[in-house]
Amino acid sequence: MSVKSPLSNPLLPPSSAQSATTTQGSSLATSPELEQTLVSLTSHRSVLGYMLLSRGHPVTMIRHSGVVFEGEKGKKYASAISRIVESVQAGLEDVSMDPTDVDEVRFIRIRTKRHEIMISPDGRYLLAVLHDPTS
């Protein structure tokens, strides 16, 4: 599955989608482009779910789809995703030759034995997609 930055580019044409859950107390005015991207992501049969997270401390789950991201397990995923992005960004800062021109993380793809997680950081949000590469 080839993925570009999901926050700015729709991946697939829209079709039927799984239901998304918005975390209580958070209202997010999303652009039609982002809505279309989220619908497209959930319609792909190999996608197990997605999480839209805030970039603050502590990280908060704004919206998610898929049972894998519900409850305590979802909170653990959210925390881990935030730490992964922070760690990669810190690594880039460490290896930068010019402290005034540090590279920034645009997309992270991690493949394990069972899953693949794709993370697209944005200035305000993190979008993480859990994918089953064997589907």
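Whatever comes next refers back to the structure up there.
Quick caveat: nothing in here was measured; it's all calculated off a predicted structure. (Residues numbered from 1 in each chain as written. Predicted model: local features only at pLDDT ≥ 70, side-chain atom pairs only at ≥ 80, totals over all residues. Heavy atoms only, no water.)

(A) Representation of the overall build of the protein chain in the model. Looking only at helices and strands, the protein chain has 2 helices and 6 strands in total. Of the regular secondary structure in the protein chain, the N- to C-terminal order runs β-α-β-β-α-β-β-β. By residue count, 36% of the 135 residues in the protein chain fall in the buried class. Look at the contacts in the protein chain between residues 6 or more apart in sequence, and 57% of them connect residues 24 or more apart. (Helix = DSSP H or I, 4+ residues; strand = E, 2+ residues; numbered from the N terminus. Buried < 20%, exposed > 50% of the residue type's maximum accessible area, 1.4 Å probe, protein only. Contact = heavy atoms within 4.5 Å.)

(B) Highlighting the packing of aromatic side chains. For the structure on display, the rule yields 1 aromatic pair. Between Phe 69 and Tyr 77, the aromatic rings sit 5.1 Å apart at their centres with planes inclined by 90°, giving edge-to-face as the arrangement. (Phe/Tyr/Trp six-rings, centres within 6.5 Å; stacked < 30°, edge-to-face > 60°.)

(C) View of the pattern of salt bridges. Counted under the stated rule, the structure contains 4 salt bridges. A salt bridge links Glu 72 to Lys 75; the nearest nitrogen and oxygen atoms lie 3.5 Å apart. Of the two residues, Glu 72 and Lys 75 are both situated in helix 2 (residues 71–95); the distance of 3 residues between them amounts to about one turn of the helix. Assessed through its relative accessible area of 51%, Glu 72 is described here as exposed. (Salt bridge = Lys/Arg side-chain N within 4 Å of Asp/Glu carboxyl O.)

(D) Structural detail: helix 1 (residues 32–43). The first and last C-alpha atoms of helix 1 sit 16 Å apart over 12 residues, in line with the 16 Å expected at 1.5 Å per residue. Where helix 1 is concerned, the buried positions are Leu 34, Thr 37, Leu 38, Ser 40, Leu 41 and Thr 42. On its buried face, helix 1 is in contact with strand 2 (47–54), strand 3 (61–65) and strand 6 (125–131). (Expected span 1.5 Å × (residues − 1).)

(E) Highlighting the nonpolar core. Counting residues in hydrophobic clusters, the biggest one holds 16 residues, and the most contacted among them are Met 51, Leu 53, Ile 81 and Ile 119. Contributions of two or more residues to this core are made by strand 2, helix 2, strand 5 (116–121) and strand 6. Dropping the residues within four chain positions of it, Met 51 is found in contact with Met 61, Arg 63, His 64, Phe 69, Gly 74, Tyr 77, Ala 78, Ile 81, Leu 126, Leu 127 and Ala 128. Counting 11 residues, the second largest nonpolar core, distinct from the first, contains Tyr 50, Leu 52, Tyr 125 and Leu 127. (Core = buried A, V, L, I, M, F, W, Y, C linked by side-chain atoms within 4.5 Å.)

(F) Region of interest: unusual backbone geometry. In the segment running from His 57 into Pro 58, the intervening peptide bond is cis, with an omega of 0°. Mapped onto the fold, Pro 58 is located in the loop between strand 2 and strand 3.

(G) Representation of the pairing of strand 2 in the model. Of all 8 residues making up strand 2, 7 are buried, and the element is well covered by its neighbours. Here strand 2 runs beside strand 6; their pairing, made up of 7 bridges, is antiparallel. Its bridge partner being in strand 6, Leu 52 is matched across the sheet by Leu 127. Across 4 bridges, strand 2 lies against strand 3 in antiparallel orientation. Residue pairing in the sheet places Tyr 50 in a bridge with Ser 65 of strand 3. Between strand 2 and strand 3, which follow one another and run antiparallel, lie 6 residues. (Pairing = 2+ DSSP bridges.)

Nothing here speaks to function; it is geometry throughout.
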